[in-house]
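Structural overview
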Amino acid sequence: RLARQGSKAVLLGGGSSSSPQDSSVASSVSSLSHWVRGIPNTTGTACHILSPLALLFYSVPAIREILLELATLDHQGAHPLLRELALLFRQVNNQIRGSGSNTIDPRPMYQAFLNHLGIEARMLGDATTALSKLIHELRQSILSKVIEATMGTGRVSTKLEGISPHRRRIKNGKQRSLAVPFSLPVDDLQETSLEDCLTAYFQPTEIENYTWTEGTYEEHDLEGFEDGPPCEVILEEWITTKTSTLEELPGVWILHLDRFTFEHGRVQPKPTKVDIPFGLDCNHLFPSLANDAASYHLTGAILHVNTEGELEEGGHYITLIPSPKTAEQQGQQQAKLWYLLDDDQVTPVTMDEARALMAGGVGENSEQSGRAVGQCESAEMRAVVLVYESCKNAAQQDAVLRKAKVELAEYLAAQEEKAIDNSISNTTTDLVGRRLRIKWSKDRYFAGVITHYDDSNGKHTVLYDDGDVRTYTLSKKTIEWEEP
């Protein structure tokens, strides 16, 4: 694991000399305790879990606030993973506010990750995979509407186009949700930019050996060539290209940069330096979508770190977040500080330094990165996950949260009522004559009436409205009671 200089935050630059900028950064260290907290890495190998959690806490306020609300309600009926996530967020929030216990204990969360996501804290893992699995689980929970309202609104469509010597085929795919995180390949270049990666992804790409299925496409004569088709399509086989089109942008756009390659049986970082902007103008990148929701600001990132020899062990993950002023200024560059969260260690960096660390590139930022994580030796950093929030989403966040909190309270109240109903004793005949709906597979409910109670085995007989008769131990069934 990364060596650190005690428990202090280590400033970039090091050495005995200091510039006015260094003094400004140093003066902020004393204020870190007021609003920035990391999460202790109690196993020494859980950074792939802790970095996504820190990213969601600081960079996606809607998720943080609804989980803090869930922690306040402390309802036993909530999903176990959600409960542990909410309780951990409350511990972090209490430390930031200086209230409650000063302890942040992630161990119950580790167990929840293992039980529900299959991710082990005691083994090295991938932060992007952990984030993807966690978001997928949240989309199936009571947080689904919050997820959809923030990061689930993006839509993309695909079109296949085939050209033969004399014919043209087109197959338009249906719109589908934008993947979260949205993965972008990074080419093996010396330098590129996030904008270039996005532009390249949405350019037509050739698909080799594609098989066209009869009846799934439109076919037309190849038009526009007075002297026949161009020489590059004088082939016996079809040339097929695939084009993806961004139809709708999400309020919160989580991007994954694929910056590794597999060579000679080992995972190696690509040498490409990627310029990552604090503000992303999608009006310029996607003119057809030009609107007030297309202007984004960076709210956080996950960086992969490796020192000499550490890459073979999987490297290390840290989180990069802006100061609250940066977030409030909607990505404008007046704010000066960002913070590296290396587990529970916090290091302030300037915006220029943050941008250089995210850019990566083998050998490009190794000395600077080594100082950032408190090491004498060099280290290489590169951003692998980015979180951008649209200005429109930030403005609508309060309304989304108010609605989500009301729905959360209603859901938990319904769960509590259901638990009370299901706890009714089976050793009574009082339920005979009561109408109910019983849950079957695929979340389907079927209605009926209780016609008999057998005192010898504690089971009730239910006559369904379709004439089917079944005998149940009611405490083992999910039931909705109809009004008498």
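Residues numbered from 1 in each chain as written. Predicted model: local features only at pLDDT ≥ 70, side-chain atom pairs only at ≥ 80, totals over all residues. Heavy atoms only, no water.

1. Overview of the confidence of the model for the protein
Any residue range with low pLDDT should be treated as having predicted coordinates unsuitable for detailed reading. Per-residue confidence for the protein gives a mean pLDDT of 79, with 75% of residues at or over 70. A low-confidence stretch, residues 1-33 (pLDDT under 50), is modelled with 65 contacts involving residues beyond four sequence positions or located in other chains. (pLDDT = per-residue confidence, 0-100. Contact = heavy atoms within 4.5 Å.)

2. Remarks on the nonpolar core
Counting residues in each nonpolar core, the largest one holds 63 residues, and the members touching the most others are L53, L67, F113, L134, M151 and I254. Apart from residues lying up to four places away in sequence, L67 is in contact with L82, L85, A86, F89 and L143. (Core = buried A, V, L, I, M, F, W, Y, C linked by side-chain atoms within 4.5 Å. Buried < 20%, exposed > 50% of the residue type's maximum accessible area, 1.4 Å probe, protein only.)

3. Some points on the sheet that holds strand β19 (residues 435-439)
Read from one edge to the other, the open sheet built from five strands follows the order β22-β21-β20-β19-β23, with strand pairing classed as antiparallel. In the strand order of this sheet, the two ends are held by β22 (469-472) and β23 (479-481), each with one partner. The mean angle between the axes of side-by-side strands here comes to 40°, regardless of whether they run parallel or antiparallel. When strand β20 (residues 445-454) meets strand β21 (residues 459-464), the two strands line up antiparallel, connected through six bridges. From the neighbouring strand, Y453 faces β21, where its bridge partner is H460. (Pairing = 2+ DSSP bridges. Helix = DSSP H or I, 4+ residues; strand = E, 2+ residues; numbered from the N terminus. Axes fitted to C-alpha atoms, helices over the stretch in contact; angles between N-to-C directions.)

4. Looking at the pairing of strand β10 (residues 260-263)
Here four bridges tie β10 to strand β11 (residues 266-269), and the two strands are oriented antiparallel to one another. When the sheet's bridge partners are listed, F260 is paired in β11 with P269.

5. Some points on the pattern of salt bridges
Should the charged atoms of two oppositely charged side chains come close, the side chains can pair. A full pass over the atoms with the stated rule returns 12 salt bridges. For R355, the salt bridge goes to D275, with nearest N and O atoms at 3.0 Å. Highlighted residues: R355 in helix α12 (residues 351-359) and D275 in strand β12 (residues 273-275), separated in sequence by 80 residues. One network of salt bridges, in which partners are shared, links R167, R169 and E219. (Salt bridge = Lys/Arg side-chain N within 4 Å of Asp/Glu carboxyl O.)

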